[in-house]
Every structure is written in structure tokens, then in C-alpha cells.
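Architecture at a glance
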Amino acid sequence: MIQLVWLIPLLPLIGAIINGVAGSRMGKKAVGLVACLSMAAAFLISVSIFFSLIALPEEARSIEVGVFNWITSGSFQIDISFLVDPLSTLMILVVTGVGFLIHVYSAGYMHHDKSYWRYFSYLNLFVFFMLMLVLGSNYLVMFLGWEGVGLCSYLLIGFWYEKKSASDAGKKAFVVNRIGDFGFILGLFLLFWTLSSHGIHSLSYKTVFASVHELDPKVVTAIAALLFVGAIGKSAQFPLYVWLPDAMEGPTPVSALIHAATMVTAGVYMVARNNALYSMAPEVGQVVASIGIFTALFAASIGLVQDDIKKVLAYSTVSQLGYMFAAVGLGAYVAGVFHLMTHAFFKGLLFLGSGSVIHAMSGEQDMKKMGGLHRHLKTTSITFTIGALAIAGIPPLSGFWSKDEILWEAFSKGHLVIWAVGLLTAFMTAFYMFRQVFLTFSGECRADEHTKHHIHESPAIMTVPLMILAFLAIVGGVVGIPFFEGGSKLHHFLSPVLSHGSHAAAAVEGAGEAVAEAHSSLEFILMGVSVGAGVLGIFLAGLMYFPPLKSFAPSFWTAENMAGTFSPLHKLLYNKYYVDEIYDAVIVNPIKRLCGWCLSFDLGVIDGIVNSAAWITRFISWVSHKFDIYVVDGLVNSMATLVNFNSSIWRRMQTGYLQNYAFIFVLGVLIVLVRVLLG
Amino acid sequence: MEQLFFYIFAITAVVAAILVVSMRNAIHSAFFLIVCLLQVAAIFVLLRSPFLAAVQVFIYVGAVMVLFLFAVLVLDVGKEAFREHMHSQSVPSLVMVAALLVIMGFMMFSGKLTVPPGAYNEAALAKNTEVIGRAVYTKFVFPFEVVSLLLLIALIGAVVLVMRERGKGADRNKPEDI
Amino acid sequence: MIPLSSLNISFASIMPEMLLTGLALLVLVLDLFIREEKSVLGYVSVIGLIALIPVSARTIEAKASFGGMVMADEFAAYFNVIFIIAAIFTILISMDYLKKMNVRRGEYYHIILFSTVGMMVMASANDLVTLYVGLELMAMSFYILVAYRIASARSVEGGLKYFVLGALSSGILLYGISFTYGASGSTNLSEIARQLGGFQNPFLILGIVLITVGFGFKVAAFPFHVWTPDVYEGAPTPVTALLSIGSKAASFAAFMRVFMVAFPAFHAQWGEILWMLSAATMIFGSVVAIAQKNIVRMLAYSSIAHAGIIMMGLLVYNDLGAGGVLYYLLVYAFMNMGAFAIVALFRNDRIGESISDYSGLASRRPVLSFLMALFLLSLAGIPPTGGFAAKFFVFSAAIDARYYWLAAIGVVTTAISLFFYAKVIFYMYMREPDGEAVMPESGVLYNVVLLVTAFGTVFLGIYPTPFIDMAIKAVKPLLM
């Protein structure tokens, strides 16, 4: 069975090709069917691979499946081959499983769109690249997937290209991701070069991880840092997170699949996959954790005051990704991957739920114009609330277990600051999520009459995926509950892949060890604290936004009052710390100017040089004119025959600057010669 | 003595060449070109290659330039056509060319011809035509044949670019295309 | 006197050139007898060229023949195949072009064939004299082809510019050859290397610089690229395609052979010059391309940028780099030809050549726009296309040879280049055409060209190994 792993990415690719080539003539039903069936088949194969894998003895659970030999030059060789191990299996389960549900949901959500086939073609293509990313057994296959998902993300964000904001958001995502990818490529080059100077001409994980201990730790640090730059871009961490909120311009199921559940977690996957590298570079781990936890707090604070239903979820995603990075940065790879998985469930659910709301509200996304939707959208509101409870960390939902594990790891490793910030973020998360829930579903509807009239529950094709995801969001945490006999199942499952990372990291963290031995009673206390933070957040949000509770609130505790009292802070948060504006002023505009300058170089600068000497030319031409009149003309006038030969060629010659071209050419010769002489 | 003549010929050639490009009348340019080419022929004589000198005079001065003058006269290309094509860059150009001259001169004088003269010494060159004939038909036979193709293609090109299309001349009447 | 026997007259070694000349002459004569249906000439040329591929791909012996003038080794064979492929595609897309432009003249075909002969002579030249006449044969053919539409001012203007600047560059190249001859006493490449040893001589350096400039013009390296946009724009589009592929490949072939066979001892000097040119060319080409609104000019600047990358492979001077050049040019022949074929289709149908004319192509002609996207992504170096593998080889060769900065510049400019290639894709897929835009019609021949080039682009990307091995094997003797 495991040998059939190549089918998993191939099926979505075939779906993408069929829909891309023939989709416009196939009819919507057929397009949707092709896309969903390919995903379903891929999911079934993933499940059976998962079972074949756990049937194997633990030490044999890492199988490389070669597909074909891609590049061979000398001793250097790159294969297209896949690595089936616990980590990649978990990832393909999440990608194909959540991906399948979102495909089904999309079939309902996008039903009215004229470019239905284009949408599914892109979506399937995205899944293909994502699977390549997580399944690849060497860095180049991962890179291929890495670039491919970026491309699909760009295409899907700008899917409604008629909207300028959408195409701009696509461009922004693309450019920001390029910055990160640049670091990633440099990291790969550095890795390749370092290895080849050690006589290793392979980029497959196995050889790299086996030989990484022979490399200079400084170089490994640099590689890890550069790769992390790629992760910052792809996983929307500070300071490259700016594209993700804008990416909400894309269709909502896309936001759910790409910008919440799968693609943005690629960075976390990459760090976890490279745990051998990161455990050798504890400094980089510290940076990763610090950036992660800072991003978590930063994005959560922005999320507190946003009014757009999807923007809140976008900042929440950035914030949750920050948690994951905090975990993997601390060497708690399992905790990070665990949170990745549960987050895929509940954030996918929340996005799809918001899509259902937007669908019902005829495209309205401003929460100030919603309210009271519970009456009409029963399924949506219940599932959405489950998702919100999960992300708020309320036991026994999945989010509680994974978030708590991260906080516990931070605490037990002695990083009390990270723990405290994480706790604060958890509180904020609970607050803004329930602010959203209350604003959307409770109270009186604030929409206009026309929209009100149209409010309706989504069809079953959309609500069934919501229910399944809600179920997963509730029970998904079971695999990671630490109290069962033998500890967390997930820990057990993943440790063969991630162990050499966490062991080494634990060794580095000498100070943390004593704390790690602490009693589980401490763990219970911490759990209580974090649950308390979540409940407090929900309660405060309820006091402020939930009508039945509002009357109990002290008089200063209203949204308007708080905004007024802390007006500068509110303004700062509402405008997202002005980061976009700062980027525009500091980076975008200077680059635009530089570009403009470069563009005109070909014609402008050379002409400028030429023209600056024009006055001498005039003088010389005056002299030569006199020379002409008195000397040459006098001699040859008798022979001269003057008629216009005025073909367009000559006119073109005069305005086509052939002489200037020759001038540039000879100038080039001169420059090269001078350079050679001086060098 | 030979040196003196060389410099006379060379300087005349260079001055004539400059005049070729600076004249505003095509006829004048053509005449100065003839002067220039004659100097080159003279230098060939100094190099003990009378055959090449003769070929130079026959072909360039005799055939090519006469044809050229003929064409200029027939087409009435006159002063007007040669008015100011330099796009106000003659001075920078002159400065640049002067700089190029200085740099190249510097490099030439600081370098030296390290290799002694090859097979074509004075004695061998006594039988001038024979040496050329042998070289062309033995060692250089391949490039020589390629040159024949080059001439053929030049001929075809002349025909293609001058000859209008047969028939209605349909192509001409079309609006400017892309 | 040179005894005839020592010349090693071996007709087998120039068989491809001879046969191709014969084919060209046959087409020339047929042109006189076939009055109306000139496309027959195109078919004859294509069939002849296809039959020629096995002959040119085969090498008898890698030994200099004709008095050291010709070296028909694997290096030359590899390039010959590239030239023939480029010529076949060019003729196939030209037939559509000539029909739609209503040009009923047959010289076009044999001029293309003669230019291909010139390229072959350049690739197998082992002597500066042979090299020069081959180069002139090719260039002369291109002067005519660029100006072929004498009714169009742009075409004639382009031809004239190319001619004047080409003559200038030929003069500079010849000047360089003269200095080299002066410093070494020979024009034969291996003889030059033997005579020179490692002796530093400014006289020779001058020659090397001028030869570099001469080739730099032909491959469109900054700052000798100035002719490129105008000429590419003015020429008939199929000619532009051949110019950007065949002419560039032939010039690189000669470039490599001269520098690697004749001047290996002076790698430090020419390496430095090429470093500078390569970096400047990559940066300039990709930055200026961003501004272009006309797709032909955009591709012109893109071809400049590619020249910079290929030059990097030449200058790193190891088997991976030099082999990478050969492989790169092979891939380039497919991907660039494909892109130009689609551009030619748009121009032939008089739809336009502005990038905005490609709006909404995806919804009207999904296959065509998919292929265009494929070619452009390959040019941008996105896996799994051939463009990626080619760039990968050249960059990794540069890193191997410790040209870190150059490789970094290459990576950055590649990233920049994605921007302007993606712009076209963006227009095709994300914009709707204004009103009822006309969409091009491609005939059977066209579809064949597009599918074969697309297949080549992808195949070379996913299975490059045998081709890169051949390329490395072909350059090995030059690296001795």
C-alpha cells in the first residue's frame, strides 16, 4: 500500500488538469465531481497508508518511495521521491481530509460563480503542490511544493480579479512571499554548498540529517535562520504577516483551506521536519520562539478591534501560527504539530462558518451589520460556537489540549515569559472570538431590510462539512491527551521523526530539566490557569457584547466607552499598528521610485550624458559649418546634385538613434578596457 | 625609409577615413573613401604583397567604388540626406574615441609581439601569387568555400531587398502592420 | 609548403554543413520553378532538416580537419542539433506567417538554411578565420531576414540598425582577432594556446577584450545589447525567434570554443571581464523587462537576461558550468521558441503585441494560454520545467566554482524575472478582454510546433539527466 503513495499527489493533479483543460465545457456538476472525487480518493489512500504505517514496527516507520530519478550529474543526484513517515502521514491526512471537506463545501459555496472550473482547477492544483511539499523526501521536492503552493495561493487570492482589492491582495501576497522565499532559496544553496564541500552530493533528508552533525554549527545556524526566513513569509509571521489579512479577499473556502488549515502551516511543518538542523542551532530556536510568541500577541491584539468577520479570523490565524512557532522554536515539535492539526480543524471550521454567514448575508462581511443570526442559521451558529470554544481553549475541546501542551512546554522548559505572553494571548483569543460570536449570532439583526429578507441557512452540501469539522474540533484533541496510559498517543506516534530534535533541545536546555521533572499537579494547576484565562475572556466579551449579560456589566465596560477611554490605543489597534503604511513609506515607495529610475535608464541616462555636452557640439558644428561653406562647398559645388531622398528609412534613422546605439556600444568597449587596465 | 612611407600612407588613410564620415555630400565621401582604399593598397605594396595591392585597387577602387558612385548619381542622393545625423553627440563621441585611442595605444606599446614572423617571410613572399594561391586552396580551403556561400547570400540579399514583390504590389498598399 | 596529406581533408567531418548547403541550394533552385505554392519550399526544407538530424548528431572523430580549420567533435554536434531544431521550428511557424502576411516569395526559406549553415560553421570552427566567415554568413543572412518585409518601415529600420551595428561589432571582432594573431602568430585555436603559454601580454589582453566585445554583441550582453529590442521588434517574429535562439547559441558555441581552447591560461583575465558583463547583463535585462508593455520587447530584454546567465556558465569554467551552457541553450531553444511561436501567432493575426492584448486568453483559448504560461514559467525557471533544471545546473556550477556573488545575483534576477513573466500570465488568466477581442487561430503546423516545444520544455525539465550527461561529455575535451 505504501508504495502507492505517489497516487496521492497525482490524483489532485489529474483533477486539476482535467478541470483546467476541459472544465469550461464540462458543466458545473462534472467539474465539482471530478475535483471532489479526486480528493476523496486521495484521502482514502492516505487513510489506508496511515493504517499500513501503524501496522509496521516503530523503527520501520520511515519509508522512502522513489518515483523517478530527476537530475543526475556526476555523483550528485536528485530523485522525485516521497517519504512516508509519521509526520508526513499526519500531514497528508490533514491536507486531504480537511481539503476534501472544503472541496465539498466549495461546490456549494461557489455554485453561482461563472469561473467555477477555474476555481476547482486551482484548488486541486494547490492540493497537489501541498502534498508534494509534505511528502517530498528531499529539499528540492519540498521546494517545488513550496513555490507551487505560493503560486496557487496567488492565483486564488486574486480569483475575483475584477475587484482591484483582490488582485492587489494577490500581488501583495506574491511579493511578500518572494521575500521569504528568497531567504529559503539562499538557505538551500548554503546547505547544498556546505554539504558538497563535505563530499555529500545529495539533498535528501536522510543523508542531510545523518551528516548534519559533521557540519560547522555556525553554518548550520545560518542555514536554519535562512530557512526560517522562508517560513516567516509562508506562515505569515512578524514582520511578513501583512499579506495574510489581505488574502481574505479570496473566496472564503480558499481562506479556510490555504490561509488557515494547510499552506500557512507549511512553515511549521518545515521547521518540524528540520528538527535535526534546528536542534543544532538553539539560538535560532530562541529567535523562532520569540518571533512566534510576539506575533501571537501582536496579531491577537489587532484582532480585538477588527470589524470584518474574516479579518478577525485572519489575525487569529496569524496569532495561532505564532503559537506553533513558539512551540517548535522551543524544541516542542510534537506540541507544535499537534496544534497545527487541531488548528486545521477548528480554524477550517470557523472560516467555513464565516463563509456560511457571508453567504447568508449576501456578501456582507462587516460584523457591525450582523447580529441575531442564530435564529436563522442554527447549524452554522452552533458549529461556529464549537469552533470558537475550541480556539478559546475550553476543555475538553481539541484546542484546549494542544494549546495547553504548548503552554506547559514553555513553562516546564523555564521560559516563563513565553508562557505568560501565551497566557495573555489565550485570554485575548477567547475575548475576540466570543466578541465575534456575540456580534454575529446574538442580539438584534442590524442589517438592512433587503439583506434581512434574504437570510437563509446554507444548503446541506455546506453544512455537512461544518458538522464533520465541528466533530473533529471537539474530539481531535483525544490523540494528544497526556493522561492516558503511556502518555500522549500523538507523542508516541511522532517521536521517531521528531525525537532527535527534542532530545537534543532538552539537552541544550539544561536549566529546564529540573522543572520538567515537576509533578503533574503543577500541570493541573497550569491547566486551571489557562482555562481560567479563556473563561475570563469569554465572560468579559459576554459582558460587553452579549445582550442578556450586558445589563450586569459595570457602566464603563461597554465597547464605546472603552474605545473612548483608550482612544489612542484603540486607534492604533484598529489601524493594525500602521504597519502597512510604514511598509509603504519605507519600502514600497522607494522601490517604486528606483524601478521608475531603472526603467528610464535605457533611453534617459545615456541621452542625458549626451545632452550635457551639447553646448560643445554646437560650437564644433558652427566651426564645421563655416568650414563647409568656405572650403568644401566651394570645391565641390560643381559636382553636387541635391535632391531629397526622403524615404521613411532615413527618417527612421534620424529618430531611431542608431548613432546613439553605436555610441553606447563603443562606450561599453571603453569601460571594459578601462576596467581591465585598472584591474 | 619604409617606415616613413608607411606613416605617410597610414596617416593619409586615417585622415581620408575621417573625411569620409564627416563629409556632408555622398559624392565627397565616396571620393575620400577611394583615397583611403588607395592608401591601403599602397601599404600592401610595402608589405611585399603586390598581388593584394592590385586586387585592392581593382576590386575596391575599380569596381565597388565606381558602382557606388554610379548608384549615388542615379539615385540623386545629395546633401540633404546627409544633414546632421549625429543626434548632438559628436563631441562626446570624439572624446570617447580619443580615450579609446589612448588606452589602446597604451596597451599596444606596453605589450609586444613575442612571436617571430611566421612562414611568410621575405623570401617566400617573393612568389606572391603562388603563396596566396597555395594558402587559399590548401590550408584555408574550407573558409574559402564558406566565403563563396557568403557572397551568394549577399547576392540574394541584394535581390530580395531591392526587388518589389511581383504582381499587384499588394504588400505596399496595406496599412502599417505589426 | 604544406603537404596536402597533412591537411587531413575529411569530408565526413563537414558532412552536416555540406548536406545543409546542398539542401539550401536545392530550395534555391526549386524556388525558380515553383511559382505559386511557395509553402512547398518550406516542407522540403523541414523534411530535409529532419533527415539531417541523425547525420549531425553523429561524430566520426574528434580530430581537427582541413588544416586545423574544422573540429567536428561532440561539442559541434550538440550545437548542430540545437541549430537544426531551431531552424525547423522557425520554418514551420514562418509558413503560417508568410501566408497570413501575404508574402509570396521563396527566398525566405533558403536564407534561413544558409544562416543555419553559418551557425554550424561557427560551432565547428577551430580557427579564427573559419569562425569569422561562419559568423558573417550567419549575420548576413540575418540582415536580410530582419529586413525581409521591405514594405514595413519597422522591419527595414531594424535590418538597417542590425546591419550597421553588426558591421561595427564585426570590425571590433576582427580587430581583436588581429591582435591575437599578432601576439601568437597563428589563428588556429589550439596553436594559439600552445604558442602563448601563460605569458602575460597587454597586446593579447587587448585582443581578448575586443573578441569578447564582438561576441558580446552577438549574444546581446549589456552594454552591447542596444540593438536587441529594436531589431527583435522590427523583424518578422519567426526570424526574431531564430535570432534569439540560433544566433545566440552559435555565438555562445564560438565564444566557448575560443575562450576555452585558445585562452585557457588567461581565465583570470577574461573571467573577470565576463563576470562584470554577466552580472550587468542579468541585472539590466531583468530590471528593464519589467517596464515593457510590448511583449516582443519584453522577450527581447528577457533574452538579454538569459544571455547573462548563460555567460555565467561559461565563465565558471568547469564541466558542470560549460555543460550547463549547452543544456541551457537546448532548453532555451524549446521554451523560447514556444513563447515566440505564440507571440508570432498574435502578430500574424494582427491582434497585437501589447501584453494587454493577451487579456482573457485563458477563457477563450485555454490550451493556448496554458502553453504560453508553461513557456513563460519555464523561462522564469519554475520547476518542473526545463528552465528550472537549466538554471539549477548553471547556478550550482557557479557555486561549485565559488562564484557566490554571481550566483546570488543570478538568483535575485531570476526572482525579479518571475515578476514580468507572471504579468503576462496574470493578463491571460485574470483579465477579461475588452469587448469582443479577436483570438488567434492556429493551424495544424502551428499546433505541432507548440506541442513539440511544450513537450520538450517539460521533458527536459523532468528528465534532464541524459541531456546534461551528453553536454558534459561534449565539453570535457575543451576543458583539458
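Note that this is a predicted model, so its numbers are computed, not measured.

Considerations on the overall build of chain A
Along its length, chain A carries 30 helices and two strands. By the burial criterion, 53% of the 679 residues in chain A qualify as buried. Across chain A, every contact between residues at least 6 apart in sequence was considered, and the portion connecting residues at least 24 apart equals 81%.

A word on the overall build of chain C
Of regular secondary structure, chain C possesses 19 helices and two strands. Looking at chain C as a whole, 69% of its 480 residues are labelled buried. Contacts in chain C between residues far apart in sequence, at least 24 positions, make up 79% of those at least 6 positions apart.

Let's talk about helix α19 (residues 465-475) of chain C
All buried positions along α19 of chain C are accounted for by Phe467, Ile468, Ala471, Ile472, Ala474 and Val475 of chain C. All buried residues of α19 of chain C project into a common sector of 160° when viewed along the axis, lining one side.

Points about the environment of Tyr545 of chain A
All names here are of chain A. The topology assignment puts Tyr545 in helix α23 (residues 520-545). For Tyr545, a count of 24 C-beta atoms within 10 Å corresponds to the buried category. Between the C-alpha atoms of Tyr545 and Phe434, which are 111 residues apart in sequence, the distance is 8.5 Å. With residues up to four places along the chain from it excluded, the contact list for Tyr545 reads Arg435, Phe438 and Leu439.

Brief notes about the interface of chain B and chain C
Contacts between chain B and chain C engage 34 residues on the former and 51 residues on the latter. Those elements that provide at least two residues to the side of chain B that touches chain C are α4 (90-110), α7 (141-162) and α8 (170-173) of chain B. A total of 13 residues in the side of chain B that touches chain C trace back to one element, the largest contributor, which is α7 of chain B. Split into classes, the residues belonging to the side of chain B that touches chain C amount to 20 nonpolar, six polar and eight charged.

Description of helix α2 (residues 26-46) of chain B
Residues and elements named next belong to chain B. With 21 residues, α2 extends 30 Å from end C-alpha to end C-alpha; this agrees with the ideal 30 Å at 1.5 Å per step. Where α2 is concerned, the buried positions are Ala26, His28, Leu33, Ile34, Cys36, Leu37, Leu38, Gln39, Ala41 and Ala42. Arg48 sits one or two residues past α2 and shows a positive phi near 65°.

Some thoughts on the nonpolar core
Of all hydrophobic cores here, the largest spans 448 residues; its most connected members are Phe126 and Ala326 of chain A together with Met122, Leu137, Leu329, Ala333 and Leu376 of chain C. For this core, the leading source of residues is helix α13 (residues 319-348) of chain C, giving 22 residues. Dropping the residues within four chain positions of it, Ala326 of chain A is found in contact with Ala289, Gly292, Ile293, Ala296, Ile406, Ala410, Ile418 and Gly422 of chain A. Grouped together as the second largest cluster of nonpolar side chains are eight residues, Ile34, Leu37, Leu38 and Ala53 of chain B included.

Topic: the packing of helix α1 (residues 15-33) of chain C against helix α4 (residues 107-124) of chain C
Residue and element names in this part refer to chain C. Where α1 contacts α4, the axes come no closer than 9 Å and their chain directions differ by 165°. Viewed along their axes, α1 and α4 adopt a mutual orientation that is roughly antiparallel. By crossing handedness, the relation of α1 to α4 is classed as left-handed. Across the interface between the two elements, Pro16, Glu17, Leu20, Thr21, Leu23, Ala24, Val27, Leu28 and Asp31 of α1 pack against Glu107, Tyr109, His110, Leu113, Phe114, Thr116, Val117, Met120 and Val121 of α4. The residue inventory of the contact of α1 with α4, partitioned by class, reads twelve nonpolar, three polar and three charged.

A closer look at the confidence of the model for chain A
Residues and elements named next belong to chain A. Counting all residues, the mean pLDDT for chain A is 80, and 85% of those residues have values of 70 or more. Note on residues 501-519: pLDDT is under 50 here. Beyond four places in sequence and across chains, it has 27 contacts. With pLDDT under 50 throughout, residues 631-655 is counted as low confidence; its partners more than four residues away or in other chains account for 35 contacts.

Focus on the environment of Val672 of chain A
Positionally, Val672 of chain A belongs in helix α30 (residues 658-678). Given 20 C-beta atoms within a 10 Å radius, Val672 of chain A is considered buried. Excluding residues within four positions of it along the chain, Val672 of chain A makes contact with Val209, Val213 and Ile273 of chain C.

Structural notes on the environment of Gly145 of chain A
Residue and element names in this part refer to chain A. As for its position among the elements, Gly145 is in helix α5 (residues 139-157). Taking the C-beta count within 10 Å as the criterion, Gly145 has 23 such neighbours and is therefore assigned buried. Sequence spacing of Gly145 and Met132 is 13 residues, and the spatial spacing of their C-alpha atoms is 5.1 Å.

With respect to unusual backbone geometry
Going from Phe238 of chain A to Pro239 of chain A, the amide bond is cis rather than trans, its omega being 5°. Of note, Pro239 of chain A is situated in the loop between α8 (217-234) and α9 (243-246). Going from Pro395 of chain A to Pro396 of chain A, the amide bond is cis rather than trans, its omega being 5°. Here Pro396 of chain A shows up in the loop between α16 (378-392) and α17 (398-412). One non-glycine residue, Phe66 of chain C, adopts positive backbone phi at about 55°. With a phi angle near 65°, Arg402 of chain C is a residue other than glycine that sits in the positive phi range.

Description of the packing of α30 of chain A against α4 of chain B
Two numbers describe how α30 of chain A lies on α4 of chain B: the axes approach to 10 Å, and their chain directions differ by 35°. Crossing angle aside, the handedness with which α30 of chain A passes α4 of chain B is left-handed. On α4 of chain B, the residues touching Phe663, Val666, Leu667, Val669, Leu670, Leu673, Val674 and Leu677 of chain A of α30 of chain A are Pro92, Ser93, Met96, Ala99, Leu100 and Ile103 of chain B. Considered class by class, the residues forming the contact of α30 of chain A with α4 of chain B number 13 nonpolar, one polar and no charged.

Looking at the confidence of the model for chain C
Caution is warranted with low-pLDDT regions, since their predicted coordinates should not be read in detail. Summing up the model confidence of chain C, the mean pLDDT is 87 and the portion of residues at 70 or higher is 97%. Note on the complex model: pTM 0.67, ipTM 0.88.

Thresholds, definitions, all that
Residues numbered from 1 in each chain as written. Chains lettered and ligands numbered in written order. Predicted model: local features only at pLDDT ≥ 70, side-chain atom pairs only at ≥ 80, totals over all residues. Helix = DSSP H or I, 4+ residues; strand = E, 2+ residues; numbered from the N terminus. Buried ≥ 20, exposed ≤ 12 C-beta atoms within 10 Å, placed from the backbone. Contact = placed C-beta atoms within 7 Å. Arc of directions from axis to C-beta. Nonpolar A, V, L, I, M, F, W, Y, C, P; charged D, E, K, R; others polar. Expected span 1.5 Å × (residues − 1). Core = buried A, V, L, I, M, F, W, Y, C linked by C-beta atoms within 7 Å. Axes fitted to C-alpha atoms, helices over the stretch in contact; angles between N-to-C directions. Parallel < 35°, antiparallel > 145°, perpendicular 65-115°, else oblique. Left-handed = near helix turned anticlockwise from the far one by under 90°. pLDDT = per-residue confidence, 0-100.

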